[in-house]
Amino acid sequence: MVGSIDNDFCGTDMTIGTDSALHRIIEVVDAIMTTAQSHQRTFVLEVMGRHCGYLALVSALACGADWVFIPEMPPEDGWEDNMCQKLSESRSRGSRLNIIIVAEGAIDRQGQHITSDLVKNLVVSNLGFDTRVTILGHVQRGGTPSAFDRILASRMGVEAVLALLEASTDTPACVVSLVGNQAVRLPLMECVQMTQEVQKAMDEKKFDEAVRLRGRSFENNLSTYRLLSSQTARSELPNSSFNVAVMNVGAPAAGMNAAVRSAVRVGITEGHRMFAVNDGFEGFYKGQIKEIKWGDVGGWTGQGGSLLGTKRTLPAKHLDKIAEQMRIHNISALLVIGGFEAFESLLELYEARAHYQEFCIPMCILPATISNNVPGTDHSLGADTSLNAIVETCDRIKQSASGTKRRVFIIETMGGYCGYLATVGGLAAGADTVYIYEEPFDIRDLQANVEHLTQKMKTSIQRGLVLRNENSNENFTTDFIYQLYSEEGRGVFDCRKNILGHMQQGGAPSPFDRNFGTKVAAKAIQWISRTLKESYKEGRVFTNSEDTACLLGMRRRAMVFQPVVQLREETDFVHRIPKEQWWLKLRPLMKILAKYKTSYDVSDAGQLEHVTRVRPKESDASAGN
């Protein structure tokens, strides 16, 4: 298993530790952005990465930096003037801050080092801007691991043990890696060889080749960054004459704003006029729709919640008015960012196509909800931020018990009927038991759990952590479980309960959610552009086929556009959850780690594969991290 904060190993989308390092960087960048904005300063930030620019590139994407220097893709000759011109343009448009990110191994086309001081001196001498340098150094290696890293490492650990158990003396050494949301085994020597080839390509100044060898996740990050950072003059843009509307539906989720920013800017780059709808479908039928420009979404990436405003209202009751607003504003395509309500809304609009030709346009939904309960995707935007909030709180709660021994905490999480937050949060926080709706439990299970904790109190670790999803059982409420544990554990341990509540919905988005939101929105807008061209006939957009009302989701290894109609079969509408959920396979792992005797389903274990080389150009499959 590869543990490295640089994410510099070929064959895996993420190495263990990278996400935590990004958390440290983004915390610092967010703090610096507030001071830079107050003082109208330019900041040059140096991040780690002697031979790999992953941290620099992803943090630049996640904070919307003005310029980034990475070893794999040195800037074109004459970059000094280009950079200064870009900085002064952004100032003249009213931006009060500039952020430049430099990887410690950054070089120019001649192989000369580009240092943060060099960049600072350039900006000062050419533009006279007040400029400061911050070198992050070993802060990036420290701190507590993020939720993503804890889950990644736990899953990799299991996969590694399974690989060892299946191996014989003549099995080649393998690396357990992550592709999309799938654990994969690859031959160690092939990965090492490919990693060495990156360095070789860089030494030989074959920079495009170096980026390609880094893998699809790296390549995607770079192309998305380029797409978002270059504001071309309006006159040079293709003029598509299409109006595309963007809106948020459902409960707020971190990362929504990053997705809106990305959608607006990519849409403008593709030549569309972008319109923002405030307050979901309620705002839509009331006509709260206005054009949104490039500069309007500046600095949105790091903002939590939903800046457009969001409501749970479904469109069915107001179809007439919504169709009328679409006519008034001449909307040719719709991008909906939201949770289960967004999915239901798109189904309703699709059904209404028979009666309203206004809805016969390309429509796409990006799943964004902390509950991760939307069908057709393994990850929803906002769930990672929420998991981090849960894990951080559980860590603190556990710490509070380190002084008072023999204490059990019962913690209630959100998620509706979906047990994702409770289960994955429980795995990351080291819970003893997690109660969820998807896995029914009775009084005998509760009794067994109490006895298990009683035994645990006899060991050196004298504290317990029990998570309960808010709707896991209507009779075994959090209070009931708390009272049961208190009574049964009397004399052995005492209990406390905590309901985490809305802190799970708030907070600044995690690096994963900023990035995921940025990349999926860019991909969705590109799909909308293609679909618009295909459905433009006789001077207007018209399409009523089911594959033009889609949900963009991560399915195992790839990002896929799936018609919402087909996803209807996979959904339990009463409980608002998908019928099949991948993370249920993590439940036995959690039980094993809590020292329960249970069996582990190995049917999903990876097979040894080979590193893929030559790929067709169109493979922008994984949004990954």
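Residues numbered from 1 in each chain as written. Predicted model: local features only at pLDDT ≥ 70, side-chain atom pairs only at ≥ 80, totals over all residues. Heavy atoms only, no water.

Here we take up the overall build of the protein. Counting its secondary structure elements, the protein contains 19 helices and 21 strands. At 25 Å, the protein has a C-alpha radius of gyration in line with the 25 Å of a compact globule built from 625 residues. For the protein, the spread of C-alpha atoms along the principal axes amounts to about 75 × 60 × 55 Å. Looking at the 625 residues of the protein, the share that counts as buried comes to 59%. Across the protein, every contact between residues at least 6 apart in sequence was considered, and the portion connecting residues at least 24 apart equals 78%. About 25,600 Å² of surface is accessible on the protein, with carbon and sulfur atoms providing 50% of the total. For the protein, the distance from the average position of its 68 positive side-chain charges to the average position of its 73 negative side-chain charges is 3 Å. (Helix = DSSP H or I, 4+ residues; strand = E, 2+ residues; numbered from the N terminus. Rg over C-alpha atoms; globule rule 2.2 N^0.38 Å. Buried < 20%, exposed > 50% of the residue type's maximum accessible area, 1.4 Å probe, protein only. Contact = heavy atoms within 4.5 Å. Areas by Shrake-Rupley, 256 points an atom, 1.4 Å probe, with all protein chains shown as cover. Lys, Arg positive; Asp, Glu negative; His and termini not counted. Charge placed at Lys NZ, Arg CZ, Asp CG, Glu CD.)

With that settled, consider the nonpolar core. In terms of nonpolar packing, the biggest core is built from 169 residues, with Ile101 and Leu335 touching the most fellow members. In terms of residues, this core owes the most to one element, helix α17 (residues 511–534), which gives ten residues. The residues contacting isoleucine 101, other than those within four sequence positions of it, are Leu45, Val47, Ala56, Ser59, Ala60, Cys63, Ala65, Trp67, Val68 and Phe69. Residues Leu446, Val450, Leu453 and Met457 belong to the second largest nonpolar core, which totals 15 residues. (Core = buried A, V, L, I, M, F, W, Y, C linked by side-chain atoms within 4.5 Å.)

This next bit is on the environment of aspartate 601. With respect to the element layout, aspartate 601 can be found in the segment after α19 (587–593). Accessibility expressed as a relative area gives 42% for aspartate 601, which makes it partly exposed. Here the alpha-carbon distance between aspartate 601 and leucine 586, two residues 15 residues apart in the chain, equals 9.6 Å.

With twelve residues, helix α4 (residues 116–127) should reach 16 Å at 1.5 Å per residue; the first-to-last C-alpha distance of 16 Å fits that figure. Taken together, the buried positions of α4 are occupied by Ser116, Val119, Leu122 and Val123. Looking straight down α4, one finds its buried side chains confined to an arc of 125°; they lie on one side. Contacts made by the buried residues of α4 are with β1 (42–47), β2 (67–69), α3 (79–92), β3 (98–103) and β4 (131–135). Positive phi appears at glycine 128, one or two residues downstream of α4, with a value of about 70°. (Expected span 1.5 Å × (residues − 1). Arc of directions from axis to C-beta.)

Taken in spatial order, the four strands make up an open sheet running β2-β3-β1-β4, and their pairing is parallel. The open sheet has two edge strands, β2 and β4, and neither has a second partner. With strand direction ignored, the average angle separating the axes of adjacent strands in the sheet is 15°. Bridge count between β2 and β3: three bridges; the pairing is parallel. Note that in β3 the partner of tryptophan 67 across the bridge is isoleucine 100. On the sheet, helix α1 (residues 18–39) packs against β1, β3 and β4 and is oriented at approximately 170° with respect to β1. Each of β1, β2, β3 and β4 touches α4; the most contacted strand, β4, lies at about 170° to it. (Pairing = 2+ DSSP bridges. Axes fitted to C-alpha atoms, helices over the stretch in contact; angles between N-to-C directions.)

With 14 residues, helix α9 (residues 256–269) ought to run about 20 Å at 1.5 Å a step, and its terminal C-alpha atoms sit 20 Å apart, in line with that. Where burial is concerned, most of α9 is hidden: 13 out of the 14 residues are buried. Immediately downstream of α9, the backbone of glycine 271 shows phi near 95°, a positive value.

This paragraph deals with the sheet that holds strand β8 (residues 273–277). Ordered by their spatial adjacency, seven strands build an open sheet running β9-β8-β7-β10-β11-β18-β19, and the pairing between neighbours is mixed. A strand with exactly one partner marks an edge of an open sheet, and here the two such strands are β9 (289–291) and β19 (558–563). Between one strand and the next, the sheet's axes are offset by a mean angle of 25°, whatever the strand orientation. Relative to strand β11 (residues 363–367), strand β10 (residues 331–338) is paired through five bridges, and the arrangement is parallel. When the sheet's bridge partners are listed, glycine 338 is paired in β11 with proline 367. Sheet strands touched by helix α12 (residues 340–351): β7 (243–249), β10, β11 and β18 (549–555). Its angle to β11, the strand with the most contacts, is close to 165°.

Judged by how many residues are buried, strand β12 (residues 407–413) sits mostly within the fold: seven of seven residues are covered. Going residue by residue along β12, you find Arg407, Phe409, Ile411 and Thr413 tucked away on one face and Val408, Ile410 and Glu412 tucked away on the opposite face as well. Sheet topology note: the β12/strand β14 (residues 463–469) ladder contains seven bridges and is parallel. The residue of β14 that forms the bridge with threonine 413 is asparagine 469. The sheet contact formed by β12 and strand β15 (residues 494–499) spans six bridges and is parallel. Among the inter-strand pairings, valine 408 is bridged to a residue of β15, identified as cysteine 495.

Right, let's get into the packing of aromatic side chains. Tallied over the full model, the rule gives 17 aromatic pairs. With a centroid separation of 5.4 Å and 80° between ring planes, the pair formed by phenylalanine 242 and tyrosine 536 is classed as edge-to-face. Highlighted residues: phenylalanine 242 in the loop between α8 (216–229) and β7 and tyrosine 536 in strand β16 (residues 536–537), separated in sequence by 294 residues. Measuring from centroid to centroid gives 6.1 Å for tyrosine 420 and tryptophan 583, while their planes differ by 75°, and the two rings are edge-to-face. (Phe/Tyr/Trp six-rings, centres within 6.5 Å; stacked < 30°, edge-to-face > 60°.)

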